[in-house]
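# Breakdown of the fold
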Amino acid sequence: MLVVAFFELAEAAYERVKHQRGLLRSVLGYCVRQKDALTRFFDDDRLEMTNNHSERQLRRVAVGRKAWLFVGSDDHGQAAGSR
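Residues numbered from 1 in each chain as written. Predicted model: local features only at pLDDT ≥ 70, side-chain atom pairs only at ≥ 80, totals over all residues. Heavy atoms only, no water.

### What to know about the pattern of salt bridges
The full count for this structure, using the stated rule, is 3 salt bridges. As a salt-bridge pair, Asp 44 and Arg 46 come within 2.9 Å of each other at their nearest N and O atoms. (Salt bridge = Lys/Arg side-chain N within 4 Å of Asp/Glu carboxyl O.)

### Quick look at the packing of aromatic side chains
The description of an aromatic ring pair uses the distance of the two centres, along with the angle that the planes make with each other. In total, this model carries 2 aromatic pairs according to the counting rule given. Measuring from ring centre to ring centre gives 5.1 Å for Phe 6 and Phe 7, while their planes differ by 75°; the resulting arrangement is edge-to-face. A relative accessible area of 39% places Phe 6 in the partly exposed class. (Phe/Tyr/Trp six-rings, centres within 6.5 Å; stacked < 30°, edge-to-face > 60°. Buried < 20%, exposed > 50% of the residue type's maximum accessible area, 1.4 Å probe, protein only.)

### Points about the environment of Phe 7
Structurally, the position occupied by Phe 7 is in helix α1 (residues 2-17). Residues Phe 7 and Val 32, spaced 25 residues apart in sequence, show a C-alpha to C-alpha distance of 7.1 Å. In this structure Phe 7 touches Cys 31, Lys 35, Leu 38 and Thr 39, once residues within four positions along its chain are discounted. (Helix = DSSP H or I, 4+ residues; strand = E, 2+ residues; numbered from the N terminus. Contact = heavy atoms within 4.5 Å.)

### Description of the nonpolar core
Core analysis: the biggest nonpolar cluster contains 7 residues, these being Phe 7, Ala 10, Ala 13, Tyr 14, Val 17, Leu 28 and Cys 31. The set of elements that each furnish at least two residues to this core consists of α1 and α2 (23-33). Element by element, the count of residues in this core is highest for α1, at 5 residues. (Core = buried A, V, L, I, M, F, W, Y, C linked by side-chain atoms within 4.5 Å.)

### Some words on the confidence of the model for the chain
Counting all residues, the mean pLDDT for the chain is 86, and 81% of those residues have values of 70 or more. α2 holds the highest mean pLDDT among the elements of the chain, 97, whereas helix α6 (residues 74-81) holds the lowest, 67. (pLDDT = per-residue confidence, 0-100.)

### Digging into the side chain of Thr 39
Among the secondary structure elements, Thr 39 is positioned in the loop between α3 (35-38) and α4 (40-43). With a relative accessible area of 15%, Thr 39 lands in the buried category. At 2.8 Å, the side chain of Thr 39 forms a polar contact with the backbone oxygen of Lys 35. (Polar contact = N/O pair within 3.5 Å; in protein donor to acceptor, adjacent residues only side chain to side chain.)

### Some details on α1
For α1, built from 16 residues, the straight-helix expectation of 22 Å at 1.5 Å per residue is met to within 8% by its first-to-last C-alpha distance of 22 Å. The set of residues buried in α1 consists of Phe 7, Ala 10, Ala 13, Tyr 14 and Val 17. End-on, the buried residues of α1 take up no more than an arc of 130°, which puts them together on one face. In α1, those exposed residues whose orientation departs by more than 90 degrees from the buried face are Glu 8, Leu 9 and Arg 16. Looking at the buried side of α1, the elements it contacts are α2 and α3. (Expected span 1.5 Å × (residues − 1). Arc of directions from axis to C-beta.)

In structure tokens:
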């Protein structure tokens, strides 16, 4: 399976770079430490492989928060409420 091969590669590569500083060590370390969480979707078919749905929901709040800053008058309130 490709996922098993990836984590084997990540663990081997992390062993080579774990005493160095840099982004590669950080990324490989994250993969090694979070292996169970990153592969949890195999065990529970209710979970999706990506978190795109959650990211989209959070983006709605962030974009709304930016737009709500400008609702300072009746005209702006009417425009924001009609969407």
